[in-house]
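Each chain, letter by letter, is given below.
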Amino acid sequence: MEVKRRAARSLVQRLTSDSDRIRSDATCELRLLSKHDPDSRLFIAEAGAVPLLVQTLYSVDADAQENAVATLFNISISHREPLMSTPVLVDALGHVLRHPKSPSAAQTAAATLHSLLVVDAYRPIIGSKPHLLTPLIHLIQNPNSPTRSIKDGLKALFGVSLYPLNRPRLVELGIVPPLFNLVLKDSRLGIVEDSTAVIAQVAGCFESVEVFRQVAGVKVLVDLLDASTGSTLRVKENAVSALLNLVRCGGDAIGEDFREMGFAWDGILEVAETGSAKLKARATDLLNLIGEAEKRLGKVPLWLYGCELSSPL
């Protein structure tokens, strides 16, 4: 272990060189070392590499920026605290997302954020920075973004949205239309699954109600439950979770949206009867909430018009 520690120190020391070539070579070697030897990641961080790598994120050299952000990502897999204890790290990742020297650099910056967002305590910190969230949203809506970049961007946004107070900010920054656009126009299975996962979380705030209406969000989510769409189980679970969160936040107003759709939402009844145990429970909760809203409005729940569940609600 001491040999590895000395090797890490030697490479980190080279990051302080006046020579661009020496610094670039050292960054490349650190990337490879942190990728192939997990034990070295802590030694690299302990040697003071993180602030130096953060500085390199602002480099105009594509290879330097890409190698630096990849090294930071590798370290974050095993040791996240050294990264978050460097105050300028998050802002530097935002810079890479706004000014990537290569598509890979932007993708890796998003992946690093996703890795950091695994820690609950970091979610409010990262979510409080609009200049970081906005380029993530741009990343997922850019038609030229590679699939992997979109997926890592969605995963990072999912991590942000797990903290409830971040959801209104994401809605304000315009996350809802791009998410539904991906669901409607992107045929890649993983993208649809990840998009609906973020939608399910973002739906859990009052601010989302009106924006979901503007993009016909309820109809899109209900359509995903229709057997003819071929949605995967994960997509159906996300759709039901989104509708459930939306009804909890929107109350009677969202109940009216369901009524206006008539029997177009029979898919909810179907998954309440035939879905997995988890899906059945959420769908049943959703139907109960819609029924309660309709009763408050003095109306008979729609499914009593010939659409009965096999088990009581």
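Residues numbered from 1 in each chain as written. Predicted model: local features only at pLDDT ≥ 70, side-chain atom pairs only at ≥ 80, totals over all residues. Heavy atoms only, no water.

## Digging into the overall build of the chain
Selection criterion: For the purposes of this entry, the term helix denotes a DSSP run of H or I that reaches at least four residues, the term strand denotes a run of E that reaches at least two, and both are numbered from the N terminus. To sort residues, take the accessible area from a 1.4 Å probe on protein chains only and compare it with the maximum for the residue type: under 20% means buried, over 50% means exposed, and anything in between is partly exposed. Contact criterion: two residues are considered in contact whenever any of their non-hydrogen atoms come within 4.5 Å of each other. The accessible surface values rely on the Shrake-Rupley method and a 1.4 Å probe; as for residues, cover is taken only from the protein chains in view.
Counting its secondary structure elements, the chain contains 20 helices and zero strands. Here the chain holds 313 residues, and the buried ones make up 51% of them. The long-range fraction of contacts in the chain, counting pairs at least 24 apart against all pairs at least 6 apart in sequence, stands at 68%. Just so you have it, the chain exposes about 14,000 Å², and 54% of that area is on carbon and sulfur atoms.

## Some thoughts on the nonpolar core
Rules: Throughout this description, the term nonpolar core refers to a set of buried Ala, Val, Leu, Ile, Met, Phe, Trp, Tyr and Cys residues connected via side-chain atoms within 4.5 Å.
I126, I175 and L221 are the most contacted members of the largest nonpolar core, which totals 88 residues. With eight residues, the single largest contributor to this core is helix α17 (residues 233-250). Excluding residues that lie within four positions of it along the chain, L221 makes contacts with F180, I199, F212, A239, A242 and L243.

## Quick notes on the pattern of salt bridges
To keep things clear, this is the line we draw: Any Lys or Arg side-chain nitrogen found within 4 Å of a carboxyl oxygen on Asp or Glu counts as a salt bridge.
Counted by the stated rule, this structure contains 14 salt bridges. For E29, the salt bridge goes to R14, with nearest N and O atoms at 3.0 Å. Residue E29 is found in helix α2 (residues 20-36), and its partner R14 is found in helix α1 (residues 2-14); the two are separated by 15 residues along the sequence. The class of R14 is partly exposed, set by a relative accessible area of 27%. Of the charged contacts in the structure, one is a salt bridge between D194 and K151, with a shortest N-O distance of 2.8 Å. A residue pair is termed long-range when its members are at least 10 positions apart, and D194 in helix α14 (residues 189-202) and K151 in helix α11 (residues 147-161) qualify at 43 residues. Judged by relative accessible area, which is 23%, K151 ranks as partly exposed.

## Observations concerning helix α5 (residues 62-78)
Think of an α-helix as turning once every 3.6 residues; residues three or four places apart then point the same way. Heads up, the condition is: How far a helix is expected to stretch is found by multiplying one less than its residue total by 1.5 Å. Counting of polar contacts relies on pairs of N or O atoms within 3.5 Å, with two restrictions inside protein: one atom must be capable of donating a hydrogen and the other of accepting it, and residues adjacent in sequence are counted only when both atoms are side-chain atoms.
Its 17 residues give α5 an end-to-end C-alpha distance of 25 Å, which sits within 8% of 24 Å, the value for a rise of 1.5 Å per residue. Counted residue by residue, α5 has twelve buried out of 17 residues, so it is predominantly covered. Residues of α5 that are buried in the fold lie against α2, α3 (39-46), α4 (49-56), α6 (81-84), α7 (89-98) and α8 (103-116). Of the residues that open α5, the one with a side-chain oxygen 3.2 Å from the backbone nitrogen of D63 is D61.

## Things to note about the side chain of N238
Examined against the element boundaries, N238 turns out to sit in helix α17. You can call N238 buried: its relative accessible area is 12%. In terms of polar contacts, N238 uses its side chain to reach the backbone carbonyl oxygen of E193, at 3.1 Å. Not counting chain neighbours up to four residues away, the residues in contact with N238 comprise E193, T196, A197 and A200.

## Brief notes about the packing of α2 against α5
The condition that has to hold: Every axis corresponds to a line fitted to the C-alpha atoms, with the helix fit spanning only the stretch in contact, and the corresponding angles, defined between N-to-C directions, vary from 0 to 180 degrees. With respect to orientation, any angle under 35 degrees is reported as roughly parallel, any angle over 145 as roughly antiparallel, any angle of 65 to 115 as roughly perpendicular, and every other angle as oblique. When the near helix sits turned anticlockwise from the far one by under a right angle, the crossing is termed left-handed; a clockwise turn instead gives a right-handed crossing. Each residue gets one of three labels, nonpolar for Ala, Val, Leu, Ile, Met, Phe, Trp, Tyr, Cys and Pro, charged for Asp, Glu, Lys and Arg, and polar for the others, Gly among them.
Across the interface, α2 lies against α5 with an axial gap of 8 Å and an inter-helix angle of 30°. By the angle class used here, α2 and α5 are roughly parallel. The way α2 lies across α5 gives a crossing that is left-handed. Contact residues: T27, C28, L30, R31, S34 and K35 in α2; A64, E66, N67, A68, A70, T71 and N74 in α5. Class assignment for the residues of the contact of α2 with α5 results in five nonpolar, five polar and three charged.

## Some details on the confidence of the model for the chain
Regions with low pLDDT carry predicted coordinates that are not meant to be interpreted in detail. Test applied: Values of pLDDT, the confidence the predictor places in each residue, fall between 0 and 100.
A residue-level look at the chain finds 88% of positions with pLDDT of 70 or above and a mean pLDDT of 89. Confidence, expressed as mean pLDDT per element, reaches its minimum in the chain at helix α18 (residues 252-261) with 66 and its maximum at helix α12 (residues 167-172) with 98. Low pLDDT (under 50) marks residues 303-313, which in the prediction has 22 contacts with non-local residues, meaning those over four places away or in another chain.

## Focus: the side chain of S76
If you trace the backbone, S76 turns up in helix α5. Side-chain polar atoms of S76 contact the backbone oxygen of F73, separated by 2.6 Å. S76 has contacts with L83, T112, S115 and L116, leaving out every residue within four places of it along the chain.

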